[in-house]
Amino acid sequence: MRLAVVVLLGLLLAPVAAEERDVVREVAERSFPSVVKLHGASGFARLPSYGTAVLVHPDGIALTARSVMLETESLRAVLHDGTRRKARIVARDDEREMVAIRIEGPGPFPHLKPIEPGEARVGQWVLSIGNAFRLADGDERPSVNLGLLAAVTRLDLRLGLSDRTVYRGRVYLTDANVNPGSAGGAMVDLDGRLLGVLGRVLESRATRTLVSHAIPIEDLAPLIDRAVKGEPHEARREERPPGRHGIRPFRFGLHRSPPAYVDRVDGGSPAAKAGLRKNDLILRVGEVTVPTIRAFLREMKRFHAGDEVVLTVKRGTTVLKLKLVLDAPRKGGER
Amino acid sequence: MRWGTVALLLLSGVAGAETRDEMRALSAALRAAVERVAPCVVTVETFGGIPVVKNLPERKDDQGRRLPSPLRRPGVSPGPGPTSGTVISSDGWIVASAFAFVDEPTTIIVTMSDGRSLPAKLFGRDLSRGVALLKVEAKGLPVPEAAPPEEIRVGQWAASVGRGLTGESPMVQIGIVSAVDRISGRAVQTDALTSPANFGGPLIDLRGRLIGVIIPLSRRGLEAAVRSYDSGIGFAVPLARITPVLSRLKAGAMLHPAYLGVGVVTGSTEEGAPVTSVLPGSPASGAGLQKGDVILEVDGEKLLTGFALLDAIGRHVAGESMRLRWRRGEETHEAEVTLVRRPEKTPKSPVEAEEDEDEKKEKDGDD
């Protein structure tokens with residue numbers, strides 16, 4: 001706090017140069033050339049055929065959010081000056097649902113410089129720049145929203161009607177609402193540096209509310225790297241079956257989404273070794289809250305034999321943390 | 001007050017043409033304010049219970065086409081997932097949003113700012129202000145400083161803070177105070193985003209003082225209030241509005257909005273609140289009020305409009321009394337009335353009938 005006061009006073013006493021006025025306009029103007037409008041394949045049920053991408057490399061490499069509209073030979077990027085250029089996907093980050101595209105034509109392309117890793121601060125100002133609702137055409141400027149970096153968090157996000165988890169990693173949330181079409185746009189700071197790439201409007205499974213988020217640019221560095229080197233895919237991760245925990249949750253007859261009470265613990269199983277007991281209520285798997293049996297079982301499937309999992313459980317009036325080390329599933333498997 | 005000085009400096013700046021340093025100073029002041037209140041902000045999670053928030057019909061446009069899904073998933077309304085709470089006493093009383101408990105959960109877990117998770121017990125609920133009172137077994141908890149209600153001004157900066165979606169560092173969203181004394185005098189209105197994740201959390205000023213606890217409120221019921229999350233119309237109930245009912249909430253009371261049973265002219269009037277209808281069997285009819293009377297005073301305070309009467313009723317909950325003074329012709333009458341819970345089915349007063357025709361007009365002529 002004391003440090004903050006000193007820094008603040010320093011800032012307040014600093015002389016004000018005339019050209020520093022209207023910083024938001026200045027930053028927006030400076031960032032526009034690096035934000036391109038995308039037009040792709042249409043005809044997919046209610047999904048927009050347009051989007052945004054942000055240039056991150058002088059060779060015309062831009063990042064955008066994964067979308068079916070990108071999967072076409074006729075993908076076009078509309079540059080700042082209205083020029084239409086061919087573009088194609090050159091690398092993918094399936095976990096974060098982000099892709100890198102290469103825009104054809106002579107460079108060097110304008111592009112945004114990233115912030116330093118770990119530099120983002122909750123409560124700092126951010127500008128979200130994207131072609132929301134395709135309001136901009138040709139050389140028209142995309143839409144700019146001013147807001148805060150509202151939170152840095154891991155979310156249980158899901159997309160559209162499917163119940164599948166989209167991404168569990170770190171995301172930036174913002175109170176500058178992101179709209180359809182903005183996905184792939186830029187989140188920049190007051191120096192015009194790139195904090196992250198705007199994601200699609202997603203729903204938080206926990207609160208069933210839509211959230212506006214961006215994927216931190218530092219987490220996308222490997223994607224940019226692969227795009228530059230021309231390696232489209234990540235090294236394939238070994239598919240492993242979920243590990244065994246040995247917890248049998250109590251299934252209520254009438255309840256549609258019962259909480260995860262332990263009914264039985266398999267003898268000698270990782271749960272038994274960790275000291276889990278009948279009637280314990282499982283609250284969390286790692287950091288993720290599991291309000292229902294279904295959520296608990298789904299979450300446990302993400303861990304493999306040998307993985308450590310910390311379960312937060314309520315036993316009577318106390319809350320405990322128990323560490324399980326999963327082992328290999330037995331023949332026949334687990335529920 | 002160091003931060004007060006900073007805030008003053010910031011507010012004196014020219015809006016719309018800020019320098020980088022001015023904007024940075026504002027965000028630094030905001031972060032310091034959040035840091036001050038953060039220890040008092042908790043995560044509230046519920047387990048078990050029966051979901052009662054129904055799936056809503058999908059939204060269609062005027063040609064009957066379904067609205068595009070990227071904007072809004074059809075058929076689903078926000079649910080009471082992890083939400084927030086604000087510690088109000090060092091011995092573990094916590095204010096949260098009543099919306100968090102509509103499912104009547106069997107287990108409530110509160111996670112403090114230091115990461116401790118504690119089982120919480122649900123005590124009373126004030127459904128008039130949408131507030132619920134929780135208790136955890138803890139001592140020496142930090143409590144927020146409340147901004148004095150008379151200092152809260154339309155246009156001042158306000159930030160909504162919550163822990164529904166984050167652990168360590170709370171989520172913060174900025175806006176201004178849009179109005180005071182909204183929803184019949186119950187709440188402060190803000191354009192800072194509010195959603196189920198920060199219901200129960202604090203709305204703070206730039207000194208980190210509590211303007212109020214963020215609560216979904218609407219004249220058209222809880223569902224409407226929750227559905228308008230993140231809309232730029234949010235509400236926070238000042239602690240000063242909760243304090244009068246705190247002892248009842250600690251005793252586990254379920255408090256309901258108050259009802260008098262009169263329809264009044266809500267437009268501009270020559271004096272007071274002219275009565276347009278009196279519901280038989282209501283407190284108003286019991287006190288002897290009749291159609292055509294003009295209510296002049298409530299609890300010794302002169303009424304300038306019909307709305308003032310609705311505000312006065314809104315500040316009360318069912319079971320509380322108020323003293324009314326009214327004029328009938330040349331005579332004046334006075335009576336103490338005990339307000340009741342709004343009956344399940346009330347015959348429509350002329351004012352209500354009007355409202356049905358034009359739902360968008362936020363009139364509330366009958367209370």
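Details of the structure are given in the entry above.
Model, not experiment: these values are computed from the prediction.

1. Things to note about the overall build of chain B
Looking only at helices and strands, chain B has nine helices and 21 strands in total. Per element, the accessible surface of chain B, about 15600 Å² overall, is 51% carbon and sulfur.

2. Notes on the environment of B:Val180
All names here are of chain B. If you trace the backbone, Val 180 turns up in strand E8 (residues 171-181). Taking relative accessible area as the criterion, Val 180 reaches 32% and is therefore assigned partly exposed. Considering only alpha carbons, one finds Val 180 and Val 154, 26 residues apart in sequence, at a separation of 6.8 Å. When neighbours within four sequence positions are excluded, Val 180 is seen to be in contact with Ile 152, Val 154, Ala 187 and Val 188.

3. Describing the environment of B:Thr269
Residues and elements named next belong to chain B. Turning to its location among the elements, Thr 269 is positioned in the loop between strand E15 (262-264) and strand E16 (273-278). Judged by its relative accessible area of 21%, Thr 269 is partly exposed. Residues Thr 269 and Gly 164, 105 residues apart in the sequence, show an inter-C-alpha distance of 45 Å. Once you skip the residues sitting within four places of it in the chain, Thr 269 turns out to touch Pro 274, Leu 304 and Thr 305.

4. Remarks on the pattern of salt bridges
Throughout the structure, instances matching the rule amount to 39 salt bridges over all chains. Close ionic contact of A:Arg315 with A:Asp280 constitutes a salt bridge, the shortest N to O distance being 2.8 Å. Of the two residues, A:Arg315 sits in strand E20 (residues 308-315) while A:Asp280 sits in the loop between helix H4 (270-274) and strand E18 (281-285), which places them 35 residues apart along the sequence. With respect to burial, A:Arg315 and A:Asp280 carry one shared label: buried. We note a salt bridge from A:Arg284 to B:Glu45, for which the minimum N-O separation is 2.9 Å. Residue A:Arg284 is found in strand E18, and its partner B:Glu45 is found in strand E1 (residues 41-47); the two belong to separate chains.

5. Regarding the sheet that holds strand E3 (residues 61-65) of chain A
Residue and element names in this part refer to chain A. Around the barrel, six strands lie side by side as E1-E2-E3-E6-E5-E4; this closed barrel has antiparallel pairing. Each neighbouring strand pair of the sheet contributes to a mean axis angle of 40°, computed without reference to strand direction. As paired elements, strand E5 (residues 84-93) and strand E6 (residues 98-103) share six bridges and run antiparallel to each other. Note that in E6 the partner of Ile 89 across the bridge is Ile 101.

6. Description of the side chain of B:Arg209
Mapping B:Arg209 onto the fold places it in the loop between strand E10 (202-204) and strand E11 (210-214). Setting aside residues no more than four positions away along its own chain, B:Arg209 makes contact with B:Glu145, B:Ala146, B:Ala147, B:Pro148, B:Glu151, B:Leu203 and B:Ile204.

7. Observations concerning helix H3 (residues 221-229) of chain A
All of the buried residues along H3(A) are A:Leu223, A:Ile224, A:Arg226 and A:Ala227. Burial along H3(A) is one-sided: seen end-on, the buried residues are contained in an arc of 165°.

8. Considering the side chain of B:Ser89
All names here are of chain B. Turning to its location among the elements, Ser 89 is positioned in the loop between strand E2 (83-87) and strand E3 (93-97). Polar side-chain contacts of Ser 89 include one of 2.4 Å to the side chain of Asp 91. With residues near it in sequence (within four places) discarded, Ser 89 still touches Leu 141 and Val 143.

9. Looking at the sheet that holds E11(B)
Residues and elements named next belong to chain B. Around the barrel, which closes on itself, the six strands sit in the order E7-E8-E9-E12-E11-E10 with antiparallel pairing between neighbours. The average angle at which neighbouring strand axes cross in this sheet is 45°, direction not considered. Where E10 lies against E11, three bridges are found, and the strand directions are antiparallel. Among the inter-strand pairings, Pro 202 is bridged to a residue of E11, identified as Val 213.

10. A look at the packing of aromatic side chains
Residues and elements named next belong to chain B. In this structure the tally under the stated criterion is two aromatic pairs over all chains. Taking 6.0 Å as the distance between ring centres and 80° as the angle between the ring planes, the aromatic pair formed by Phe 99 and Phe 199 counts as edge-to-face. Here Phe 199 lies in the loop between strand E9 (187-190) and E10 and Phe 99 lies in the loop between E3 and strand E4 (107-111), a separation of 100 residues in the sequence. The class for Phe 199 is buried, based on a relative accessible area of 2%. In this structure, Lys 121 packs its charged tip against the face of Phe 123, placed 4.6 Å from the ring centre. The ring of Trp 93 has Lys 135 sitting right over it, with the charged end atom 5.8 Å from the ring centre.

Conventions and cut-offs
Residues numbered from 1 in each chain as written. Chains lettered and ligands numbered in written order. Predicted model: local features only at pLDDT ≥ 70, side-chain atom pairs only at ≥ 80, totals over all residues. Heavy atoms only, no water. Helix = DSSP H or I, 4+ residues; strand = E, 2+ residues; numbered from the N terminus. Areas by Shrake-Rupley, 256 points an atom, 1.4 Å probe, with all protein chains shown as cover. Buried < 20%, exposed > 50% of the residue type's maximum accessible area, 1.4 Å probe, protein only. Contact = heavy atoms within 4.5 Å. Salt bridge = Lys/Arg side-chain N within 4 Å of Asp/Glu carboxyl O. Pairing = 2+ DSSP bridges. Axes fitted to C-alpha atoms, helices over the stretch in contact; angles between N-to-C directions. Arc of directions from axis to C-beta. Polar contact = N/O pair within 3.5 Å; in protein donor to acceptor, adjacent residues only side chain to side chain. Phe/Tyr/Trp six-rings, centres within 6.5 Å; stacked < 30°, edge-to-face > 60°. Lys NZ or Arg CZ within 6 Å of the ring centre and 35° of its normal.

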